[in-house]
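What follows is each chain in one-letter form.
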Amino acid sequence: MEYRCEATSVAGFIQQLAVAYVGRGYFFYVAGVIPERKDPRGVDERIIDKYGIAIGKATRARRKAAGFANLQYLRFQRSFVLLATHGRHRFFEDERKFIRDVREVPIKFAGYAVSYRSGHPHVRIEQRQYLELKAYLADMAVHRAAEQLESGLRRLPFEPYAPVRGQLHAMLREVNRRREAAGYRPVAASCIRTRRCVVRPFELLGVVLRPELEKKEEVAA
């Protein structure tokens, strides 16, 4: 059967990883980068065939009931992640040196960190990236017009999952604290998006705003 694994955007990769996989119990993972000398789609085929990943929902349900693990594989360009649920599977033997648990070690990709906390997938800006952005914006707070700062915050390439929104608002508070001390007008909070774009992860086109799904798929802090 057809198994789609090649995400066509960073937003699609993160959405599929967090909402469809980590949020459904795929906690154990191996992440890596495919070398330039290798064909990514050839690597996809070998991994999918090796671990029997291309199976239907009914087969996955039967495997889960029998105590076996299920696997998922996801790639964007040359970066990939191979994930597994609890259970028995050769994956745990073959990859034992490289396996991490997303509940303990976040998956870092494109400036994001994806983990699992308090019963929910958790998507935030990776800590170092966040601190660097916060420091830069704080430094620019009294050297740029409010409109320029608003535009910069609006263009940051991070989808506003709940933890990301918290980080963006923390940046904004620091910017406005410094502007207030200097006697400048504050940057408007409206520059921070409150709804993320729900995308079709494996399609080149068709990025759509679907706010009606946001409540169903929200990733908690």
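These lines cover the structure that appears in this document, whether it is placed above or below. (Residues numbered from 1 in each chain as written. Predicted model: local features only at pLDDT ≥ 70, side-chain atom pairs only at ≥ 80, totals over all residues. Heavy atoms only, no water.)

**Section: the overall build of the protein**
1) Next: Looking only at helices and strands, the protein has eight helices and seven strands in total.
2) Next: Relative to its full complement of 221 residues, the protein shows a buried share of 46%.
3) Next: Taking all contacts inside the protein whose residues are at least 6 apart in sequence as the whole, residues at least 24 apart take part in 68%.
4) Next: Considering the protein, the positive charge centre built from 41 side chains and the negative charge centre built from 25 side chains are found 3 Å apart. (Helix = DSSP H or I, 4+ residues; strand = E, 2+ residues; numbered from the N terminus. Buried < 20%, exposed > 50% of the residue type's maximum accessible area, 1.4 Å probe, protein only. Contact = heavy atoms within 4.5 Å. Lys, Arg positive; Asp, Glu negative; His and termini not counted. Charge placed at Lys NZ, Arg CZ, Asp CG, Glu CD.)

**Observations regarding helix α1 (residues 10-21)**
1) Next: For α1, built from 12 residues, the straight-helix expectation of 16 Å at 1.5 Å per residue is met to within 8% by its first-to-last C-alpha distance of 15 Å.
2) Next: Counting buried positions along α1 gives 10 out of 12 residues, so the element sits mostly inside the fold.
3) Next: Regarding α1, the residues found buried are G12, F13, I14, Q15, Q16, L17, A18, V19, A20 and Y21. (Expected span 1.5 Å × (residues − 1).)

**Observations concerning the sheet that holds strand β1 (residues 28-33)**
1) Next: Strand order in the open sheet formed by four strands is β2-β3-β1-β4, and the pairing between neighbours is antiparallel. Two strands bound the open sheet, and with one partner strand each, they are β2 (71-76) and β4 (100-101). (Pairing = 2+ DSSP bridges.)

**Some words on the nonpolar core**
1) Next: Membership of the largest hydrophobic core comes to 61 residues, with the highest contact counts inside it found for F13, L17, I53, Y73, L83 and F91.
2) Next: Beyond its immediate stretch of four places on either side in the chain, F13 contacts A7, L74, R75, F76, S79, V81 and F109. (Core = buried A, V, L, I, M, F, W, Y, C linked by side-chain atoms within 4.5 Å.)

**Section: the sheet that holds strand β5 (residues 107-109)**
1) Next: Taken together, three strands build an open sheet; the order of strands is β5-β6-β7 and the sheet is antiparallel. The strands lining the two open edges of the sheet, one partner per strand, are β5 and β7 (120-125). Sheet twist, expressed as the mean angle between neighbouring strand axes with direction ignored, is 25°.
2) Next: Sheet topology places β5 next to strand β6 (residues 112-117); three bridges connect them, and they run antiparallel. Each bridged residue has a counterpart across the sheet, and for K108 the counterpart in β6 is A113.
3) Next: The strands touched by α1 are β5, β6 and β7; relative to β6, the strand with the most contacts, the crossing angle is about 15°. (Axes fitted to C-alpha atoms, helices over the stretch in contact; angles between N-to-C directions.)

**Brief notes about helix α6 (residues 146-154)**
1) Next: Considered for burial, the residues of α6 that qualify are A146, L149, E150 and L153. Buried residues of α6 fall within an arc of 100° about the axis and therefore sit on the same side.
2) Next: Residues of α6 that are buried make contact with α5 (127-140) and α7 (162-182). (Arc of directions from axis to C-beta.)

**So, the pairing of β7**
1) Next: As paired elements, β6 and β7 share six bridges and run antiparallel to each other. Within β7, the position partnered with R117 by the bridge is H120.
2) Next: Joining the antiparallel neighbours β6 and β7 is a turn of two residues, in which S118 adopts a positive phi near 50°.

**As for the pairing of β1**
1) Next: In terms of strand pairing, β1 meets strand β3 (residues 79-84) through six bridges, oriented antiparallel. The partner of G32 across the bridge, within β3, is F80.
2) Next: For β1 and β4, the ladder comprises two bridges, and the chain directions are antiparallel. From the neighbouring strand, F28 faces β4, where its bridge partner is D101.

**Comments concerning the side chain of R60**
1) Next: By secondary structure assignment, the location of R60 is in helix α3 (residues 57-65).
2) Next: The charged side chain of R60 is buried without a salt bridge, its nearest counter-charge being D49 at 12 Å. (Salt bridge = Lys/Arg side-chain N within 4 Å of Asp/Glu carboxyl O.)

**Some details on the packing of α5 against α7**
1) Next: Contact geometry of α5 with α7 gives a least axis separation of 9 Å together with a crossing angle of 25°. As judged from the angle between their axes, α5 and α7 are roughly parallel. For the crossing formed where α5 meets α7, the hand is right-handed. Contacts between α5 and α7 involve Y130, L133, K134, L137, A138 and D139 from the former and Q167, A170, M171, E174, V175 and R178 from the latter.
2) Next: Among the residues making up the contact of α5 with α7, the classes are represented as seven nonpolar, one polar and four charged. (Parallel < 35°, antiparallel > 145°, perpendicular 65-115°, else oblique. Left-handed = near helix turned anticlockwise from the far one by under 90°. Nonpolar A, V, L, I, M, F, W, Y, C, P; charged D, E, K, R; others polar.)

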